[in-house]
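# Chain and residue survey
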Amino acid sequence: MQIKETNIKDCYELEPRVFEDQRGYFFESFNQKRYAELTGFMVNFVQDNQSFSTKGVLRGLHYQKGESAQAKLVRVLQGKVLDVAVDIRKDSPTYGNVFKTILSSENYRHLFIPRGCAHGFVTLSDTATFFYKCDNYYDPKAEAGIIYNDPNLNIDWELSDSELVISEKDQILPQFKDLVIH
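Residues numbered from 1 in each chain as written. Predicted model: local features only at pLDDT ≥ 70, side-chain atom pairs only at ≥ 80, totals over all residues. Heavy atoms only, no water.

## A closer look at the sheet that holds strand E7 (residues 72–78)
Taken in spatial order, the 6 strands make up an open sheet running E1-E2-E10-E7-E12-E5, and their pairing is antiparallel. The outermost strands of the open sheet, each flanked by one partner alone, are strand E1 (2–5) and strand E5 (47–54). The mean angle between the axes of side-by-side strands here comes to 25°, regardless of whether they run parallel or antiparallel. Bridge count between E1 and strand E2 (residues 12–15): 4 bridges; the pairing is antiparallel. From the neighbouring strand, Glu5 faces E2, where its bridge partner is Tyr12. (Pairing = 2+ DSSP bridges. Helix = DSSP H or I, 4+ residues; strand = E, 2+ residues; numbered from the N terminus. Axes fitted to C-alpha atoms, helices over the stretch in contact; angles between N-to-C directions.)

## Observations regarding the layout of surface pockets
The calculated volume of the largest pocket comes to roughly 480 Å³. Together, 28 residues line the largest pocket, and Arg59, His62, Lys72, Tyr132 and Glu143 are the ones closest to its centre. Elements supplying a minimum of two residues to the lining of the largest pocket: E5, strand E6 (58–64), strand E11 (117–123), strand E12 (127–134) and helix H2 (168–171). In terms of residues, the lining of the largest pocket owes the most to one element, E6, which gives 5 residues. Its residues placed into classes, the lining of the largest pocket shows 12 nonpolar, 10 polar and 6 charged. (1 Å grid on protein atoms, 1.4 Å probe; cavity = no way out; pocket = protein on both sides within 12 Å on 5 of 7 lines; lining within 4 Å. Points joined across faces, edges and corners; volume = space filled by probe spheres on them. Nonpolar A, V, L, I, M, F, W, Y, C, P; charged D, E, K, R; others polar.)

## Section: the packing of aromatic side chains
One pass over the full model with this rule turns up 10 aromatic pairs. When the ring of Tyr25 is compared with that of Phe27, the centres are 5.8 Å apart and the planes differ by 10°; the resulting orientation is stacked. Its relative accessible area of 14% is what places Phe27 among the buried residues. (Phe/Tyr/Trp six-rings, centres within 6.5 Å; stacked < 30°, edge-to-face > 60°. Buried < 20%, exposed > 50% of the residue type's maximum accessible area, 1.4 Å probe, protein only.)

## Digging into the sheet that holds E11
Read across the open sheet, the 5 strands follow the order E9-E8-E11-E6-E13; overall the sheet is antiparallel. The open sheet has two edge strands with one neighbour each: strand E9 (98–104) and strand E13 (143–145). Here the average twist between neighbouring strands, direction ignored, is 30°. Bridging between strand E8 (residues 80–87) and E9 involves 7 bridges; their strand directions are antiparallel. Within E9, the position partnered with Val86 by the bridge is Val98.

## Focus: the side chain of Thr123
Structurally, Thr123 can be placed in strand E11. In contact with Thr123, other than residues within four places in its own chain, are Ser53, Thr54, Lys55, Gly56, Val57, Lys80, Val81, Ala128 and Leu159. (Contact = heavy atoms within 4.5 Å.)

## Focus on the nonpolar core
Counting 23 residues, the largest nonpolar core has Leu61, Val86, Ile88, Val122, Ile146 and Trp157 as the members making the most contacts within it. Elements with a contribution of two residues or more to this core: E6, E8 and E11. Within the second largest apolar cluster, 16 residues are counted, among which are Cys11, Val76, Val81 and Leu111. (Core = buried A, V, L, I, M, F, W, Y, C linked by side-chain atoms within 4.5 Å.)

## What to know about the side chain of Thr6
For Thr6, the location among the structural elements is in the loop between E1 and E2. Given a relative accessible area of 16%, Thr6 falls into the buried group. A polar atom in the side chain of Thr6 sits 3.1 Å from the backbone nitrogen of Ile8. Within the local environment of Thr6, its side chain forms a polar contact with the backbone oxygen of Cys11, the two atoms lying 2.9 Å apart. Setting aside its immediate chain neighbours within four residues, Thr6 contacts Cys11, Tyr12, Glu13, Phe99 and Leu111. (Polar contact = N/O pair within 3.5 Å; in protein donor to acceptor, adjacent residues only side chain to side chain.)

Take a look at the structure:
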């Protein structure tokens, strides 16, 4: 497995070593010991989540506040998404940085998003199955987010606004500059 640093502190792209032959493929999607060796810190995942989306579905930018903050390891099982992380840790040297990458079932890439970052993705293929591991349990009372089209973040989601499918809840999220982080 290769781990690449991003422009967000403690946020990493992971590229597993894939073994392919006439039967298909195999790869190790996560190894706690190897991850700790390469990054210098240990992560203990306690919850797995999966979503299915059609083209244009934008989920995010979400995060959990306070004691319920979550680190995530995300990947695509089927299809292709543009995945986005935003550093919202006021004490971070990369506060306000945005990182984008393509995750797909063809490139096998994963993204590790540390606690204190907002996260979202948009489906670029006809459909996508998205999978992620979390190091803390979901708490609906701690759920928060940033509006997807925040002019200060200026994220290019690679689809026009008319192609995007966004929940009502995600359409009324605050801007980055108005966040109150606990």
